[in-house]
Amino acid sequence: MSLSTLRVPGRTAGASVAPERRRWWSTVLALLFLAIMLFPVYWMINASLQPNGTTLQTSWLPLSPDFSGYATAVSQQGRNLVTSLLVSLGSVVVCMAIAAPAAYALAYFKVRGAGVVLFAILISQMIPGIVVANALYTAYNDLGLLNSIPGLILADSSHGIPFAILIIRAFMNGMPSSVIEAARVDGAGHLRTFFSIVLPLSRNSLITAALFTFLFSWSDFLFALTLTTTDQVRPVTLGIFQYIGAYVNDWSSVMATAVLASIPAIILLVLAQKYIAAGTTGGAVK
Amino acid sequence: MSVTADLSRPDHRHVVPGARRRAPGNRGGYRQRERIFQWLFLVPAVLYMALFFGYPVAKNIVMSFQDYTTATFFTGEAPWVGLQNYVSVLTSSLFSRSLVNTALFTIGSIAGQFVIGLALAVFFRRRFPLNGILRSLMLLPWLLPLIVSSAVWRWILDKDSGALNRFLGDLHLVSTGVPWLTSTSLALIAVVGVNIWIGIPFNLTILYGGLQEIPDELYEAGSLDGATHWKAFRHITWPMLRPVVNVVLVLGVVYTLKVLDIILGLTNGGPANATQTIATQSYSLSFHEFKFGEGAALGNVLVLISLVFAVFYLRASRRAVDE
């Protein structure tokens, strides 16, 4: 039996009803704000379910959902979605392989020049992507890396590596050093300490960094736009851009592609909420 | 993104006591080996940063003094032209337009994102059912690929059948479709509006985090002195939040300055350059007109502007830690 039923009716009960109601009013207000913020997302899903070729009137509700937009999207953009997936997964691997050891070194070792490296990482986040793309295009052209998945993986990793290093390092800073020292005293080498102690202990920050790295590469538009010139290798972001670059007469397939391109973000927000929250608050990973 | 790492806080630098059991004569060589091993952990990151951030910045500086065009790719020759790229870029009529647009876009976006983000952050400090889940769902616009958001808003803002015009029409606020993205006077406002929508979640999250750090006792003490609502905000919340505010604003400016996706997706810089910014103009110089030298020169101007704010950022984040 809950406590409230045992409470003596009167002042206490009366006082608790009013704030309770006020709280629910806040929830209603919050729902309203959320509805406004998420309307474009709703509209994207709604428009994706309209019959092909309806340019004039999209009904406010998808009462008779039509999946032909998705059929067109998959047939025209399916390959690009796979490209995006390969590039994003590849860039997660590259980012983690580079960022995790670096974060460990920056958090634990008294390496000379660590301050400089950290400073460079912070500053690198301020460099406009177009500057990087401008120089990479000419270099990639010489190296034959244009229109290639490895080329995109390497370039896209630049979205994630500084972020991943900073977030994993922030976590490792808070890790008890006694554990690592104990392992070292027991004779474990650097590599063994790193792989069997440090990495398992930092699991949460690694997952957070990996998820965000995936999202950054998946959302990449700049390098897709500048480092590919043919439709051989074409991430889905560029596919959408080319859809809307011309006059659009079939919004339902554009919106269906947009929905498909949003799936990673939606899945992560629903299933990996705690990691996403950790990533958005930056260094405050606990 | 939102990493507010600090440089001033002393690191947990642990001297790993592995050398203890070695013979004293061996110590020097062991230390050296140890140091090399430690550096090896850092080497891949340093190499990557040098290749994908250091090299592009350096290469851009070099290119900005060269006549670097498509011909360069075939002949391998890029003649030195001194400051000519800078002169032609900075004196073109388009530059002043882009500069003004960049300023308006940045100030408008930041102001909108910040005010709405702060208002929502204060609102979400209330305790009410479902607070956590509703707040985290607010993040969605920020997690979507920017080009997806651009595509969706293109459709919402469509002149003839967009949802916004239909909504306004149903309310009898407008009689004909408003050309949000195709009118030279409205396009920049529409682009700013979309960018505000994208930036609200980031501002909300960081500011909410900052608000949570303010101890409740301050408000309790304040309310005894009659500081409630607006007064409490002015005299308690705002001063306590200042360090976080500084970081959010400077980061926001730096990220907004380099925005490309949203503008290219919504208007492609048009109509008639009404939404052209320094970033989009640099892109179009390099990748549409194939004047890579001029594109590099304009890109460097953007780097310079960002660097000014980067200095602010470093000072703000250092202060955020000190306080």
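Fair warning: this is a prediction, and the values are worked out from it, not measured in the lab.

> Got a minute to help me understand the overall build of chain A in this structure?
The number of helices and strands found in chain A is 13 helices and zero strands. In sequence order, the secondary structure elements of chain A are arranged as α-α-α-α-α-α-α-α-α-α-α-α-α. Relative to all contacts within chain A whose residues are 6 or more apart in sequence, the contacts with residues 24 or more apart total 71%. Just so you have it, chain A exposes about 12,200 Å², and 68% of that area is on carbon and sulfur atoms.

> How do you make sense of the confidence of the model for chain B when you look at a structure like this?
In low-pLDDT segments, the atomic positions of the prediction should not be examined closely. Residue and element names in this part refer to chain B. Summary statistics for chain B give a mean pLDDT of 86 and a share of 89% for residues scoring 70 or more. Within chain B, the element-level pLDDT minimum falls on helix 2 (residues 70-75), averaging 82, and the maximum on helix 4 (residues 93-123), averaging 95. The model gives residues 1-24 a pLDDT under 50, and that stretch makes 67 contacts with residues more than four places away or in other chains.

> Looking at this model, I keep getting lost on the pattern of salt bridges. Mind explaining?
For side chains of opposite charge, pairing can occur when their charged atoms come near one another. Residue and element names in this part refer to chain B. All chains considered together, the criterion is met by four salt bridges over all chains. Residue Asp216 is joined to Arg125 by a salt bridge in which the shortest nitrogen-to-oxygen separation is 3.3 Å. Placement of the pair is Asp216 in helix 10 (residues 216-224) and Arg125 in the loop between helix 4 and helix 5 (131-137), with a sequence separation of 91 residues.

> Hey, could you run me through the interface of chain B and chain A in this one?
Think of interface size as the accessible area that goes away when the parts come together; that is how it is often given. Counting residues at the interface gives 99 residues for chain B and 110 residues for chain A. Note on chain B versus chain A: buried area summed over both sides is about 9,800 Å², and carbon and sulfur give 74% of it. Area buried by chain B at its contact with chain A is led by Phe41(B), Trp155(B) and Arg166(B), which between them contribute 9% of it. Summed over the shared surface of chain B and chain A, the number is zero salt bridges. Looking at the side of chain B that touches chain A element by element, the count peaks at 21 residues for helix 1 (residues 27-63) of chain B. A breakdown of the residues in the side of chain B that touches chain A according to their chemical character gives 69 nonpolar, 15 polar and 15 charged.

> Where do I start with the side chain of Ser88(A) in this structure?
Residues and elements named next belong to chain A. With respect to the helices and strands, Ser88 occurs in helix 3 (residues 68-108). With relative accessibility at 0%, the residue Ser88 sits in the buried group. From its side chain, Ser88 meets the backbone nitrogen of Trp218 in a polar contact 3.4 Å long. Setting aside anything within four residues of it in sequence, one finds Ser88 in contact with Phe214, Ser217 and Trp218.

> For this particular structure, what's the right way to read unusual backbone geometry?
Most peptide bonds take the trans configuration, and most residues that are not glycine carry a negative phi. Residue and element names in this part refer to chain B. In this structure, the amide linkage connecting Gly270 to the following residue, Pro271, adopts the cis form with an omega of -15°. Secondary-structure assignment places Pro271 in the loop between helix 12 (261-266) and helix 13 (278-287). With phi around 60°, Asn268 is a residue other than glycine that occupies positive phi space. Along the chain, Asn268 falls in the loop between helix 12 and helix 13. With phi around 55°, Phe290 is a residue other than glycine that occupies positive phi space. Relative to the helices and strands, Phe290 is located in the loop between helix 13 and helix 14 (292-322).

> Just to check I follow, could you spell out a positive patch on the surface for this structure?
A grouping of Lys110(A), Arg112(A), Arg31(B) and Arg35(B) is seen on the molecular surface, where their side chains present a positively charged patch. With respect to the helices and strands, Arg35(B) occurs in helix 1.

> Explain the confidence of the model for chain A here, please?
Of the residues in chain A, 89% reach a pLDDT of 70 or more, and the chain-wide mean stands at 84. This model gives residues 1-15 of chain A a pLDDT under 50, and the stretch forms four contacts once residues within four places in sequence are excluded.

> Looking at this structure, how should I read the packing of aromatic side chains?
Within the structure shown, the criterion is met by 37 aromatic pairs over all chains. Ring geometry for Phe123(B) against Phe124(B): centres 5.4 Å apart, planes inclined by 80°, an arrangement best described as edge-to-face. Phe123(B) gets classed as buried once you look at its relative accessible area, which sits at 8%. Pairwise contacts between aromatic rings join Tyr137(A), Tyr68(B), Phe73(B), Tyr283(B), Phe287(B), Phe290(B) and Phe292(B) into one cluster. The ring of Trp60(A) has Arg166(B) sitting right over it, with the charged end atom 4.6 Å from the ring centre.

> Teacher, can you tell me more about the side chain of Asn134(A) here?
Among the secondary structure elements, Asn134(A) is positioned in helix 5 (residues 129-143). The class for Asn134(A) is buried, based on a relative accessible area of 2%. Setting aside its immediate chain neighbours within four residues, Asn134(A) contacts Asn60(B), Met63(B), Ser286(B), Phe287(B), Phe292(B), Gly295(B) and Ala296(B).

> Please clarify how helix 13 of chain B should be interpreted in this entry.
Of all 10 residues in helix 13 of chain B, 10 are buried, a share of seventy percent or more. Here helix 13 of chain B has its buried residues at Ile278(B), Ala279(B), Thr280(B), Gln281(B), Ser282(B), Tyr283(B), Ser284(B), Leu285(B), Ser286(B) and Phe287(B).

> Looking at this model, I keep getting lost on a nonpolar patch on the surface. Mind explaining?
On the surface, Tyr42(A), Trp60(A), Leu61(A), Leu63(A), Phe167(B), Leu171(B) and Leu173(B) cluster together into a nonpolar patch covering about 740 Å² of accessible area. Inspection of the secondary structure assignment puts Phe167(B) in helix 8 (residues 163-170).

> Explanation requested: the environment of Ile167(A) in the structure shown.
All names here are of chain A. By the element assignment, Ile167 lies in helix 6 (residues 149-173). With a relative accessible area of 0%, Ile167 lands in the buried category. Between the C-alpha atoms of Ile167 and Thr208, which are 41 residues apart in sequence, the distance is 8.4 Å.

What counts, and at which threshold
- Residues numbered from 1 in each chain as written.
- Chains lettered and ligands numbered in written order.
- Predicted model: local features only at pLDDT ≥ 70, side-chain atom pairs only at ≥ 80, totals over all residues.
- Heavy atoms only, no water.
- Helix = DSSP H or I, 4+ residues; strand = E, 2+ residues; numbered from the N terminus.
- Contact = heavy atoms within 4.5 Å.
- Areas by Shrake-Rupley, 256 points an atom, 1.4 Å probe, with all protein chains shown as cover.
- pLDDT = per-residue confidence, 0-100.
- Salt bridge = Lys/Arg side-chain N within 4 Å of Asp/Glu carboxyl O.
- Buried area = accessible area lost by both parts, 1.4 Å probe.
- Nonpolar A, V, L, I, M, F, W, Y, C, P; charged D, E, K, R; others polar.
- Buried < 20%, exposed > 50% of the residue type's maximum accessible area, 1.4 Å probe, protein only.
- Polar contact = N/O pair within 3.5 Å; in protein donor to acceptor, adjacent residues only side chain to side chain.
- Patch = residues over 30% accessible without salt bridge, like charges linked within 9 Å, V, L, I, M, F, W, Y side chains within 5 Å.
- Lys, Arg positive; Asp, Glu negative; His and termini not counted.
- Charge placed at Lys NZ, Arg CZ, Asp CG, Glu CD.
- Phe/Tyr/Trp six-rings, centres within 6.5 Å; stacked < 30°, edge-to-face > 60°.
- Lys NZ or Arg CZ within 6 Å of the ring centre and 35° of its normal.

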